[in-house]
Amino acid sequence: MASLSARRPAVTVLVAAIAFAAAPPFHPLVAAERSGPADASDPSNSKPEATARQQPEADKSADNTEEYKTEKASAEKNKNGKDNDKTKEKSEDDSKRGGDKSKSQDTETAKDNDKGDDKDKDEGKSKDKDEAKAESKQEDPCDPEKLLIKSEYRQQLCKSGFKFGLTEISEVLGNPTGGLRQGARYEGVTDLSLAIDLRPTLHVRGNIFARAYQIHGRGLTADNLGNLHIASGIEASRSTRLNELWYEQHFDNWRLRIGQQTIGTDFFNPEPARLFVNATFGWPTQPSLDLPSGGPAYPLATPAVRLRIDPQDGVTMFLALFNGDPTGAGVGGSQLRDASGTAFRTSDGAWLVGEIRYNPEDSDKNVTYKLGAWYNSERFRDLRIDRNGNSLASPGSNGQQRLHNGNYTLYVNVDQPVLINEEEHTRLAVFARAGVVPGDRNLIDIYADAGITYNGPFGRADDQIGLALAYAKVSDAARGFDADVVRFTGAPMPLRSGELVLELTYKFQITPWWQLQPDFQYIFNPGGGLPDPSAPTRRIGDAAVLGVRTAITF
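An account of the accompanying structure is given in this report. (Residues numbered from 1 in each chain as written. Predicted model: local features only at pLDDT ≥ 70, side-chain atom pairs only at ≥ 80, totals over all residues. Heavy atoms only, no water.)

Section: the overall build of the chain
Alright, step 1. The helix and strand inventory of the chain stands at nine helices and 18 strands.
Alright, step 2. Across the chain, the fraction of contacts at a sequence separation of at least 24, relative to all contacts at a separation of at least 6, is 70%.
Alright, step 3. If you sum the accessible surface of the chain, you get close to 26200 Å²; carbon and sulfur atoms cover 57% of it. (Helix = DSSP H or I, 4+ residues; strand = E, 2+ residues; numbered from the N terminus. Contact = heavy atoms within 4.5 Å. Areas by Shrake-Rupley, 256 points an atom, 1.4 Å probe, with all protein chains shown as cover.)

What about the pattern of salt bridges?
Alright, step 1. Under the criterion given, the structure shown has 21 salt bridges.
Alright, step 2. Where Glu-171 meets Arg-549, a salt bridge forms, and the shortest distance between an N and an O atom there is 2.8 Å. Taken as a pair, Glu-171 in strand β1 (residues 162–179) and Arg-549 in strand β18 (residues 541–553) lie far apart in primary sequence, 378 residues in all.
Alright, step 3. Given a relative accessible area of 2%, Glu-171 falls into the buried group.
Alright, step 4. Where Asp-266 meets Arg-306, a salt bridge forms, and the shortest distance between an N and an O atom there is 2.3 Å. With Asp-266 in the loop between β5 (254–261) and α8 (285–290) and Arg-306 in strand β6 (residues 302–312), this residue pair connects regions lying 40 residues apart in the sequence.
Alright, step 5. Take Arg-306: its relative accessible area is 2%, and that puts it in the buried class.
Alright, step 6. Here the salt bridges share partners, and the residues they tie into one network are Glu-248, Arg-257, Asp-266 and Arg-306. (Salt bridge = Lys/Arg side-chain N within 4 Å of Asp/Glu carboxyl O. Buried < 20%, exposed > 50% of the residue type's maximum accessible area, 1.4 Å probe, protein only.)

A look at the nonpolar core
Note that soluble globular proteins tend to have their nonpolar side chains buried in a common cluster.
Alright, step 1. Ranked by size, the top nonpolar core spans 21 residues in total, and within it Leu-225, Phe-276, Phe-281, Phe-431, Ile-523 and Val-545 carry the most contacts.
Alright, step 2. When contributions to this core are tallied by element, the ones reaching two or more residues are α7 (220–225), β12 (444–455), β13 (464–474) and β18.
Alright, step 3. Of all the elements, β13 adds the most residues to this core, at four residues.
Alright, step 4. Counting residues in hydrophobic clusters, the runner-up holds 15 residues, among them Phe-267, Leu-291, Phe-318 and Trp-374. (Core = buried A, V, L, I, M, F, W, Y, C linked by side-chain atoms within 4.5 Å.)

Details of the packing of aromatic side chains
Alright, step 1. Evaluated as defined, the whole model comprises 14 aromatic pairs.
Alright, step 2. Considering the side-chain rings of Tyr-213 and Tyr-298, the 5.2 Å spacing of their centres and the 75 degrees angle between planes classify their relative orientation as edge-to-face. Of this pair, Tyr-213 sits in strand β3 (residues 206–217) while Tyr-298 is found in the loop between α8 and β6, placing the two residues 85 residues apart along the sequence. The residues Tyr-213 and Tyr-298 share a single accessibility class, namely buried.
Alright, step 3. Relative to Trp-514, the ring of Trp-513 has its centre 6.4 Å away and its plane inclined at 20 degrees; by these criteria the two rings are stacked.
Alright, step 4. By way of ring pairs, the aromatic residues Trp-283, Phe-322, Trp-351 and Trp-374 are connected into one cluster.
Alright, step 5. One Lys or Arg, Arg-257, reaches over the ring of Trp-246 and ends 3.7 Å from the middle of that ring. (Phe/Tyr/Trp six-rings, centres within 6.5 Å; stacked < 30°, edge-to-face > 60°. Lys NZ or Arg CZ within 6 Å of the ring centre and 35° of its normal.)

Some points on helix α5 (residues 152–159)
Residues spaced three or four apart along an α-helix face the same direction, because each turn holds 3.6 residues.
Alright, step 1. Listed as buried for α5 are Arg-154, Gln-155 and Cys-158. Taken down its axis, α5 places every buried residue within 100 degrees of arc, on the same side. Away from its buried face by more than 90 degrees, α5 exposes Glu-152 and Tyr-153.
Alright, step 2. Lining the buried residues of α5 we find β1.
Alright, step 3. N-capping of α5 is provided by Ser-151, with a side-chain oxygen placed 3.3 Å from the backbone N of Tyr-153.
Alright, step 4. Backbone geometry just downstream of α5 places Gly-161 in the positive-phi region, at approximately 110 degrees. (Arc of directions from axis to C-beta. Polar contact = N/O pair within 3.5 Å; in protein donor to acceptor, adjacent residues only side chain to side chain.)

Next comes the structure, spelled out in structure tokens:
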């Protein structure tokens, strides 16, 4: 439970955020948003794209974006028509005045006119092609071909702004070698969502979104591996819980979202990384282990206020204020502290996170740079020193960890398309990201990952293949505590250093509503080098993980 002093900053920051959100937009331009769902909020960003499509369709920052394009095209067409009429009239006058000109001059004039007409036709075709290409990028949220269960009534509701989403994700993962023990585990999640777009019915530029999970099975990391990078993005404590419940209001070039929310894909999440099964490529291992209750990420959510601003094309800014601890269980606490997801806690300090991203020309063909930071106002325990300055491993320690006010980080993301072939529907992209936090109060102080993905392998336009790796460094404080234990007890044991995971995965799009994803992972130094319980002088053995995931969208 946060102290009174920890709550006051939360209230102050919340008031400031709301005041800032209520201010008029500071730029007159209406920013165009990248195609596709902007705020897909997967249980883990490593979940299949089938779940991502359940989120509300992205608003183009203005209701009349398509009307504006149509009016603009019509105006240009009228303008071109008037210009052509003037040209025609001028040509007729010149013909009357210059009837005695040579036939060769008439022939040259005719050729020039033909060239001009051809040029206008080519420009028109090019423009039509560009507009068609832009429209083709926008997925139809009511497309029945992407659903297993098709219903005319459901389609009518969808076109009226009511979209129901139901996805079942199941997987079997096993480690034939390494880890604490060998074996296989089944786990799954039923993802139910409701997105309501208020524009078709009430003509209000707002969205309501709700999501709930039914989590079943058992996770391989908890049972067999003991590693830091959780093997699956859907691994969580078994429960049936509410996840998100929020309302978002759209203005000219900014939007305000209020309610129970997750971190989603807005922060610290490059799009290509969402292909992978390991959880760290969605919500990274660093904040997952360092923040109270793991932060507001799958399967947890917490009350929050989120502001998005698109000041100009290619630039997007996010600012969000979350309750500081989704369950109140603290760092490493159980998700079952709020098993139903209905605690709606608001008294656990504040977690403030912001990110600015730059994408030239606001195009998915160009590189995207992201720079972000977060601050948590809760108090965090030192991993090595007690309140008297003694080592926690010392016999003279009082066992009470030194407390630090707040926690913070700075992170960067880069998402770079390398090769794009629209005719063959292929795309090669690379991504990288890294984050740093204070080492005295966090288990993981340095985190980095990178990967490469390819869309459309072997002539299968909707398939994806990817290779990625992630490294989490155990902080000097945690490593120092291990050394103190050896020094004071005299018992030899390994010192933790860091953990590396390598993943190779392939996603088959069997049908528009069914995905099948074989997966291979190799975990180096599980737990960062934790002692093997059966042989404390040795580390847990490196683990190979094999598995397959399936996702069906009903």
